[in-house]
Amino acid sequence: MTKTVVITGSGRGLGLAMARVFRSKGFNVVVSDFNETNLNNGVKELNDMNGLFNGVTGVKADVTSVEDLEHL
């Protein structure tokens with residue numbers, strides 16, 4: 001069974017580093033960031049890892065917004 005992890009603030013920095021580790025362990029990863037450019041770059045990087053072209057979902061979200069969190 002494949003597991004899924006959701007990481008907020010994961011378009012860059014520590015969040016993206018954590019997403020890399022989970023991807024390398026075979027997890028599906030949902031990354032989120034309020035900055036769309038960072039989010040898209042993070043999703044592309046994670047999709048390019050080790051030939052793994054699926055299992056990554058990007059969601060633009062601001063964790064200070066209840067609506068965005070519900071969507072996430």
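In what follows, the structure referred to is the one given above.
Bear in mind that the values here come from a model prediction, so they are computed numbers and not experimental data.

Colleague: Looking at this model, I keep getting lost on the overall build of the protein. Mind explaining?
Modeller: Counting its secondary structure elements, the protein contains three helices and three strands. A globule of 72 residues ought to have a C-alpha radius of gyration of about 11 Å, and the protein, at 11 Å, matches this closely. Across its three principal directions, the C-alpha atoms of the protein cover 35 × 25 × 20 Å. Buried residues in the protein amount to 32% of all 72 residues. Within the protein, counting contacts between residues at least 6 apart in sequence, those at least 24 apart form 56% of the total.

Colleague: Would you mind going over the nonpolar core with me for this structure?
Modeller: A general feature of soluble globular proteins is that nonpolar side chains tend to end up buried together. With 11 residues, the main nonpolar core is built from Val5, Ile7, Leu16, Ala19, Val29, Val31, Leu39, Val43, Leu46, Met49 and Val56. Listing elements by their share of this core, those giving two or more residues are strand 1 (4–7), helix 1 (13–24), strand 2 (28–33) and helix 2 (36–48). In terms of residue count, the dominant contributor to this core is helix 2 (three residues).

Colleague: Can you help me understand the packing of helix 1 against helix 2 in this one?
Modeller: Axis angle and axis distance: for two packed helices, these are the angle between their axes and the distance between the axes, and together they describe the pair. For the pair helix 1 and helix 2, interaxial distance at closest approach is 10 Å and the crossing angle is 25°. The orientation of helix 1 relative to helix 2 falls into the category roughly parallel. Handedness of the crossing formed by helix 1 with helix 2: right-handed. Contact with helix 1, carried on its side by Leu16, Ala19, Arg20 and Arg23, involves Gly42, Glu45 and Leu46 of helix 2 and no other residues of that element.

Basis of the calculations
- Residues numbered from 1 in each chain as written.
- Predicted model: local features only at pLDDT ≥ 70, side-chain atom pairs only at ≥ 80, totals over all residues.
- Heavy atoms only, no water.
- Helix = DSSP H or I, 4+ residues; strand = E, 2+ residues; numbered from the N terminus.
- Rg over C-alpha atoms; globule rule 2.2 N^0.38 Å.
- Buried < 20%, exposed > 50% of the residue type's maximum accessible area, 1.4 Å probe, protein only.
- Contact = heavy atoms within 4.5 Å.
- Core = buried A, V, L, I, M, F, W, Y, C linked by side-chain atoms within 4.5 Å.
- Axes fitted to C-alpha atoms, helices over the stretch in contact; angles between N-to-C directions.
- Parallel < 35°, antiparallel > 145°, perpendicular 65-115°, else oblique.
- Left-handed = near helix turned anticlockwise from the far one by under 90°.

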